[in-house]
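Next come the chains, spelled out residue by residue.
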Amino acid sequence: AQSVTQPDIHITVSEGASLELRCNYSYGATPYLFWYVQSPGQGLQLLLKYFSGDTLVQGIKGFEAEFKRSQSSFNLRKPSVHWSDAAEYFCAVGSTGTASKLTFGTGTRLQVTL
Amino acid sequence: NAGVTQTPKFQVLKTGQSMTLQCAQDMNHEYMSWYRQDPGMGLRLIHYSVGAGITDQGEVPNGYNVSRSTTEDFPLRLLSAAPSQTSVYFCASSWTDQTYEQYFGPGTRLTVT
């Protein structure tokens, strides 16, 4: 069965600093990978997705992620964090045959200090 | 477009009561799904539907029923609520089950006492 691990439960960064959120997946074939963001009291919004091609994918709000098959990772990065990026971030993998059927990681809560 | 809407936003139930969480989308999406979100566990798939009249179980279906009589609506029924069903419930939709972007509703926070 597929699974997603986000090893960092909570991360604090200063505004303007760079950010990397870790995501490792377990899946038997080429995965469909996603990053979602959830602001407090809100639903989830898609930041970016990977399903084939270039392993570095660009998303909204200045985020990017790199797919590394050898490390089974799909880490999310941002070169300069803004206070409005404070939220919870979820990595997810889509199922074989049903890409929309997602398995989520447990999430990483990002706090941004001014 | 209103996108994906969910009602109610908050609900408190007593153990054994039944209720229906409503989900509707106005984007003519074929695929709809229900997730529950619990602290430290991320989101887990309860049930999903690939089109009107077609539903299937996800990872944690026990205690929940669904039906899909129209493209727009995908209600989630709790037949006999239990404290273990205290959670935040999210409905999501996408064009098809092969589409990669899902649109999430704002969620329903359910407490079962």
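Provided above is the structure to which this section pertains.
Computed from a predicted structure; not experimentally measured.

(A) Structural detail: the overall build of chain B. Summing up its helical and strand segments, chain B has 0 helices and 11 strands in all. Secondary structure elements of chain B, listed N to C terminal, follow the sequence β-β-β-β-β-β-β-β-β-β-β. Computed over the C-alpha atoms, the radius of gyration of chain B is 13 Å, within 12% of the 13 Å expected from 2.2 N^0.38 for a compact globule of 113 residues. The principal-axis extent of the C-alpha atoms belonging to chain B is close to 35 × 25 × 25 Å. When burial is assessed residue by residue, chain B has 49% of its 113 residues classed as buried. Contacts in chain B between residues at least 24 apart in sequence constitute 54% of all its contacts with a sequence separation of at least 6. Of the roughly 5,200 Å² that chain B leaves accessible, carbon and sulfur atoms contribute 51%.

(B) A look at the pairing of strand β5 (residues 42–51) of chain B. Residues and elements named next belong to chain B. The buried fraction of β5 is high, at 9 of 10 residues. Hairpin remark: strand β4 (residues 31–38) followed by β5, antiparallel, with 3 residues in the connecting loop; positive phi at G40, about 75°. Note that β5 and strand β6 (residues 54–57) share 3 bridges and pair antiparallel. Across the sheet, residue G51 finds its bridge partner in β6, namely I54.

(C) Summary view of the interface of chain B and chain A. Contacts between the two partners involve 21 residues from chain B, matched on the other side by 21 residues from chain A. Interface of chain B and chain A: buried area, both sides summed, is about 1,700 Å²; carbon and sulfur atoms make up 56% of it. Taken together, the connections running from chain B to chain A amount to 4 residue pairs in polar contact (both at pLDDT 80 or more). Mapped onto the side of chain B that touches chain A, the elements with two or more residues apiece are β4, β5 and β9 (87–94) of chain B.

(D) Broad picture of unusual backbone geometry. The linkage connecting T7 of chain B with the following residue, P8 of chain B, adopts the cis geometry, with an omega of -5°. Summarising the element assignment, P8 of chain B is placed in the loop between β1 (4–7) and β2 (10–13). Positive phi values are uncommon outside glycine, yet K61 of chain A reaches one of about 60°. Mapped onto the elements, K61 of chain A comes out in the loop between β7 (56–58) and β8 (64–68). Backbone geometry places S72 of chain A, a non-glycine residue, at a positive phi of 50°. Note on placement: S72 of chain A falls in the loop between β8 and β9 (73–78).

(E) View of the state of the cysteines. A full pass over the atoms with the stated rule returns 2 disulfides over all chains. A sulfur-sulfur distance of 2.0 Å marks the disulfide that ties C23 of chain A to C91 of chain A. On the sign convention where negative means left-handed, the S-S torsion of about -65° between C23 of chain A and C91 of chain A marks this disulfide as left-handed. Of this pair, C23 of chain A sits in the loop between β3 (19–21) and β4 (24–26) while C91 of chain A sits in strand β10 (residues 87–95), and the two are 68 residues apart along the sequence. Across the pair, C91 of chain A and C23 of chain A agree in class, each one buried. Here C23 of chain B pairs with C91 of chain B through a disulfide, and the sulfurs are 1.8 Å apart. Between C23 of chain B and C91 of chain B, the S-S torsion sits near -70°, and that sign places the bridge as left-handed.

(F) Highlighting the pairing of strand β2 (residues 10–14) of chain A. Residue and element names in this part refer to chain A. Burial along β2 is one-sided: the residues I11 and V13 are buried and none of H10, T12 and S14 is. Direction of pairing for β2 relative to strand β12 (residues 108–113): parallel, over a ladder of 5 bridges. Residue I11 lies in a different strand from β12, and its bridge partner there is L110.

(G) Examining the side chain of Q38 of chain A more closely. Take Q38 of chain A: it is sitting in strand β5 (residues 32–38). A distance of 3.0 Å separates a polar atom in the side chain of Q38 of chain A from the backbone oxygen of Q42 of chain A. When sequence neighbours within four positions are dropped, the list of residues in contact with Q38 of chain A reads G43, L44, A87, E88 and F90 of chain A together with Q37 and F90 of chain B.

(H) Region of interest: the nonpolar core. Core analysis: the biggest nonpolar cluster contains 27 residues, and L19, W35, L47, L48, F74, L76 and Y89 of chain A have the highest contact counts within it. Only β2, β3, β5, β6 (44–50), β8, β9, β10 and β12 of chain A provide two or more residues apiece to this core. The greatest single-element share of this core, amounting to 4 residues, is contributed by β10 of chain A. Core analysis: the next-biggest nonpolar cluster, separate from the first, contains 20 residues, L21, I46, A81 and L110 of chain B among them.

So, how was this worked out
- Residues numbered from 1 in each chain as written.
- Chains lettered and ligands numbered in written order.
- Predicted model: local features only at pLDDT ≥ 70, side-chain atom pairs only at ≥ 80, totals over all residues.
- Heavy atoms only, no water.
- Helix = DSSP H or I, 4+ residues; strand = E, 2+ residues; numbered from the N terminus.
- Rg over C-alpha atoms; globule rule 2.2 N^0.38 Å.
- Buried < 20%, exposed > 50% of the residue type's maximum accessible area, 1.4 Å probe, protein only.
- Contact = heavy atoms within 4.5 Å.
- Areas by Shrake-Rupley, 256 points an atom, 1.4 Å probe, with all protein chains shown as cover.
- Pairing = 2+ DSSP bridges.
- Buried area = accessible area lost by both parts, 1.4 Å probe.
- Polar contact = N/O pair within 3.5 Å; in protein donor to acceptor, adjacent residues only side chain to side chain.
- Disulfide = S-S within 2.5 Å.
- Core = buried A, V, L, I, M, F, W, Y, C linked by side-chain atoms within 4.5 Å.

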